Amino acid sequence: MLSAEGLRHAFGEGRGQVVALDGVSFDLTSGQALAIFGPNGAGKTTLLKVLAGLIRPQVGSVHVTGGRRAIGWIGHQSHLYEHLTVRENLLFWAALYGVAAARRGPRAAEVLGRLGMAHRADQPVWSLSRGLAQRAAIAKALIHDPSVLLLDEPFTGLDLAAAAELRALLGELRGGGAAGGGRVLVLATHNVDEGVELATDVAFQRRGRFVHFAPRGGRGPAEIAEAYRRAVFDG
Amino acid sequence: MGELLVQAWTVARKDLVLEFRTRTALISAVVFTALVLTVFNFGRDPTAVPTIDLAPTILWVTFTFAAMLALNRAFQLELENQALEGLLVSPLSRTSLYWGKLIANLVFVAVVEGVGLPLFVLFFDVPVGRVLVPLIGVIALATLGFVAVGTLFSALVIRTRFAELLLVVILLPFLVPPLIGAVQVTARLLGGRPLSESVGYLKLLAAYDIVFVSLASFLFRFTVDE
Amino acid sequence: MSLAHKGRWITLVALVCVAAVYVRALAFTPVERLQGPAQKIFYLHVPAALWTEAAMILVGLAGTFYLFLKDPRLDRFAEASAEVGTVFATIVLTTGPIWGKPIWGTWWTWDARLTSTLFLFFLYVGYLLVRGAVRDPGLRARYAAVLGICGMCLVPFIHLSVFLFRTLHPQPIILKPSAPSLPSSMLATWLFSLTAFTLLYVGFVTQRYALSLARDAQRGGSPEAGPV
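Rules behind the numbers
Along each chain, residues carry numbers from 1 onward, in the same order as the chain's sequence is written. Written order determines the labels here, with chains lettered from A and ligands numbered from 1. Only residues with pLDDT of at least 70 are given local features in this predicted model, and only at 80 or more are side-chain atom pairs given and counted; all residues enter the totals for whole chains, interfaces and linings. Only DSSP runs of H or I covering at least 4 residues are called helices, and only runs of E covering at least 2 are called strands; the numbering of each starts at the N terminus. As a reference, a globule follows 2.2 Å times the number of residues to the power 0.38, and the radius of gyration itself is taken over C-alpha atoms. For every residue, the other C-beta atoms within 10 Å of its own C-beta are counted; 20 or more classify it as buried, 12 or fewer as exposed, and values in between as partly exposed. C-beta atoms are placed from the backbone. Contact definition: two residues whose C-beta atoms, as placed from backbone geometry, lie within 7 Å. Here the rule is simple: two strands pair whenever DSSP picks up at least two bridges between them. Where helices are involved, their axes are fitted lines through C-alpha atoms of the stretch in contact, as for all axes, and angles between N-to-C directions lie from 0 to 180°. Should an angle lie under 35 degrees it is considered roughly parallel, over 145 roughly antiparallel, and from 65 to 115 roughly perpendicular; all remaining angles are considered oblique. The crossing is said to be left-handed when, going from far helix to near helix, the turn is anticlockwise and less than a right angle, and right-handed when the turn is clockwise. Charged residues are taken to be Asp, Glu, Lys and Arg, nonpolar residues to be Ala, Val, Leu, Ile, Met, Phe, Trp, Tyr, Cys and Pro, and polar residues to be all remaining types, Gly included. For this analysis, nonpolar core means a set of buried Ala, Val, Leu, Ile, Met, Phe, Trp, Tyr and Cys residues linked through C-beta atoms within 7 Å. The predictor attaches a confidence to each residue, and that confidence, scored 0 to 100, is pLDDT.

Engineer: Would you explain the overall build of chain B in this entry?
Structural biologist: Looking only at helices and strands, chain B has eight helices and zero strands in total. Reading chain B from its N terminus to its C terminus gives the helix and strand order α-α-α-α-α-α-α-α. The C-alpha radius of gyration computed for chain B amounts to 18 Å, which stays within 12% of the reference 17 Å derived for 226 residues, consistent with globular compactness. Seen through its principal axes, chain B has C-alpha atoms that stretch 60 × 35 × 30 Å. Within chain B, the proportion of its 226 residues that are buried is 47%. A separation of at least 24 residues holds for 85% of the contacts in chain B among residues at least 6 apart in sequence.

Following this line, the structure appears as structure tokens:
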């Protein structure tokens, strides 16, 4: 469903050059959620941008089944037009993602309902509180029912309750396990606690490389945090 | 092809809804146009030079300034709303994005010109009655050229330093040929000359439009991605 | 012989040729009847103007190939050609008034050819400004290529505007559709000058390119070189 091969990418030139990706490869199928932990500057955002097709890697390739239409992105930028209502935003993005005209309204209502925002549908985005705006951004990412979700530090700015809600939602979306099917999630964060429970696979990124990449197995947050600390901060 | 236009229209429509809803950019551009026309009036001596000689220049300098102001808004809008990344992640083709922005820009500039032209006629007492239709035609032809190149460049400058200033500097040389054509044809129209005398310049305008609309549309994909 | 070295030799030869052209123009070519001795600037002015345009076209061509091939050498060449084009434009914009003053009585006239060279000058300045305003080399090369291609396509339109716009400037007597109408001795001097300026362009570009190469090697990177 999503595969990356030999990704290398650097910014700048000469002595000031920053190597953001230095040989990253992996394959993911539906029902898998890869949590990438790494400090700031490790190249997590660059990796996600390459997976999304925002950046063409200097070396290597990415393949996503279904192309751009299958990708939902939740990142630092809201992708919402402040002076349009929540619903208008969703309808706009749905149109761009090729959702059939007749389906757009019902789909928007469905997504908003799932996120508990149905009563805010006709409010302009500028009038929403931060938490609600973030939920609206998630709605936008889900409007076209993507089979791949790319999340760049999605828990930033969320309080505990909201973060737990988001985790539950993402777990649902990921699906998989015994039931089969489900989506692919790739989640990048610098906070181990946030993403560990969701993950089926775990990677530690440091200076553009994966210094650890393995299924989560039965490991809990404490174990993973310890392994992360050792891999990334020591040596 | 149909898909391209549909998606372009989706983008254009969104832009226009936003512009008409917030109105700030539009009103600013219209007021700016009126101000420039006013300044021109105080900057000349009506007894020394007959208005009709300067009129085409006044009109076109005003329209050029207004168009350059308007061009910044296209991608500024996306940056302000943190939406450009969203557009680039989506399946929207870069060419559709270009055409969407081009259409929105053209409508925006057309509104500004639609207010500017009557003001111009009013302030400078210019007889456009009989030549209104061909005049509008020339305005449309020249504006298309300006805005086609301007839309491409406005995307190019977003990741540079001093974007608005750079846009003006790189765009101005490209505005010269359509400007020359537009001023010459306008002068001949206002002077009551038959349209046949302007054929050379009209061909220049048309050729410019064809070349630069296609070129800008094609090159856009190389400017907007990271 | 290194590239910079070759460049220096070519430039030297070219400058000697230009000097020779000047000697020939002043001493051995007849004085033009209508314009007098001031007309002789024409031998420097027009080839420089031609190369100002040609350099822009080459910047555009290099840009076109760069967008498809992504070869950093093309970008380096484009940069060199643009800088040399700027120099040539400056030559035209300074020799023009020097020619114009005795003939028309003013230093600057908004005649079509000077005006179009002025706009080419602005095209070059814009191009170089864009190059200076982008830090990432890959992005810089791509943006420069786009602007270069647009600049190249603009050149015929500027030229067309010259033909349509009736001006003070003597009608182009060499580059017009019918045969050149200069007497043969003047034509010979002019062609010699064109050759000298061609050599000068090649010499300058070679030196500038070598400089770029050295700078990129020192920095250890270039557009599309990727992670080291």
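From this point, the discussion proceeds with the structure in view.
Engineer: In this structure, what is going on with the pairing of strand 7 (residues 184-189) of chain A? I would like to understand it.
Structural biologist: All names here are of chain A. Burial analysis of strand 7 places six of its six residues in the buried class, the great majority of the element. Side-chain alternation along strand 7 places V184, V186 and A188 on one buried face and L185, L187 and T189 on a second face that is also buried. Of the pairings in the sheet, the one linking strand 3 (residues 33-37) to strand 7 comprises five bridges and is parallel in character. For A35, the partnering residue across the bridge sits in strand 7 and is L187. Pairing between strand 6 (residues 148-152) and strand 7: five bridges, direction parallel. Among the inter-strand pairings, D152 is bridged to a residue of strand 7, identified as A188.

Engineer: Honestly, the sheet that holds strand 1 (residues 2-11) of chain A in this entry has me stumped. Any pointers?
Structural biologist: Within a sheet, adjacent strands bond to each other through the backbone by hydrogen bonds, running parallel or antiparallel. Residue and element names in this part refer to chain A. The strand order across the open sheet built from three strands is 2-1-4, with neighbouring strands paired in antiparallel fashion. For this open sheet the edge positions go to strand 2 (18-28) and strand 4 (59-64), each flanked by a neighbour on one side alone. Each strand of the sheet is rotated relative to its neighbour by a mean of 20°, with strand direction disregarded. Here strand 1 runs beside strand 2; their pairing, made up of eight bridges, is antiparallel. For R8, the partnering residue across the bridge sits in strand 2 and is D22.

Engineer: Explain the packing of helix 3 (residues 51-80) of chain B against helix 6 (residues 132-156) of chain B here, please?
Structural biologist: For any two helices packed against each other, the geometry is given by the interaxial angle and the distance between the axes. Residue and element names in this part refer to chain B. Across the interface, helix 3 lies against helix 6 with an axial gap of 9 Å and an inter-helix angle of 40°. Classified by the angle between their axes, helix 3 and helix 6 sit oblique to one another. Crossing of helix 3 against helix 6: the hand is right-handed. Together, A67, L71, N72, A74 and F75 of helix 3 and T143, F146, V147, G150, T151, S154 and A155 of helix 6 make up the contact between the two elements. Classifying every residue of the contact of helix 3 with helix 6 by side-chain character gives seven nonpolar, five polar and no charged.

Engineer: Would you mind showing me how to read the nonpolar core here?
Structural biologist: Soluble globular proteins tend to pack their nonpolar side chains together in the buried interior. Formed by 197 residues in total, the largest nonpolar core has its most connected members in A:A35, A:I143, A:L150, A:L185 and B:V149. For A:I143, the contacting residues outside a window of four places in its chain are A:L90, A:W93, A:A94, A:Y97, A:V99, A:R107, A:A108 and A:V111.

Engineer: Got a minute to help me understand the interface of chain C and chain B in this structure?
Structural biologist: Size of an interface, as often reported, equals the accessible area lost when the parts are brought together. Taken residue by residue, the interface counts 24 residues in chain C and 24 residues in chain B. In terms of residue count, the dominant contributor to the side of chain C that touches chain B is helix 5 (residues 137-164) of chain C (14 residues). The class makeup of the residues in the side of chain C that touches chain B is 21 nonpolar, two polar and one charged.

Engineer: Just checking my understanding: could you explain the sheet that holds strand 7 of chain A for this structure?
Structural biologist: Residues and elements named next belong to chain A. Ordered by their spatial adjacency, six strands build an open sheet running 5-6-7-3-8-9, and the pairing between neighbours is mixed. Only two strands of the sheet have a single partner each, and these edge strands are strand 5 (71-74) and strand 9 (209-215). On average, each strand axis in the sheet is inclined to that of its neighbour by 15°, with strand direction left out of account. Sitting on the sheet, helix 4 (residues 130-142) is in contact with strand 5 and strand 6, with an inclination near 165° to strand 5.

Engineer: In this structure, what is going on with unusual backbone geometry? I would like to understand it.
Structural biologist: Leaving glycine aside, a negative phi is the common case for residues, and trans is the common case for peptide bonds. The backbone phi angle of A:E153 is positive, close to 50°, even though this residue is not glycine. On the basis of neighbour count, A:E153 is assigned to the buried category, with 20 C-beta atoms found within 10 Å. With phi around 65°, B:R23 is a residue other than glycine that occupies positive phi space. With respect to the helices and strands, B:R23 occurs in the loop between helix 1 (2-22) and helix 2 (24-42).

Engineer: Explanation requested: the confidence of the model for chain B in the structure shown.
Structural biologist: When pLDDT is low, close inspection of the predicted coordinates is not appropriate. Taken as a whole, chain B shows an average pLDDT of 92; of its residues, 100% reach a score of 70 or greater. As scored by the predictor, the complex reaches a pTM of 0.91 and an ipTM of 0.93.

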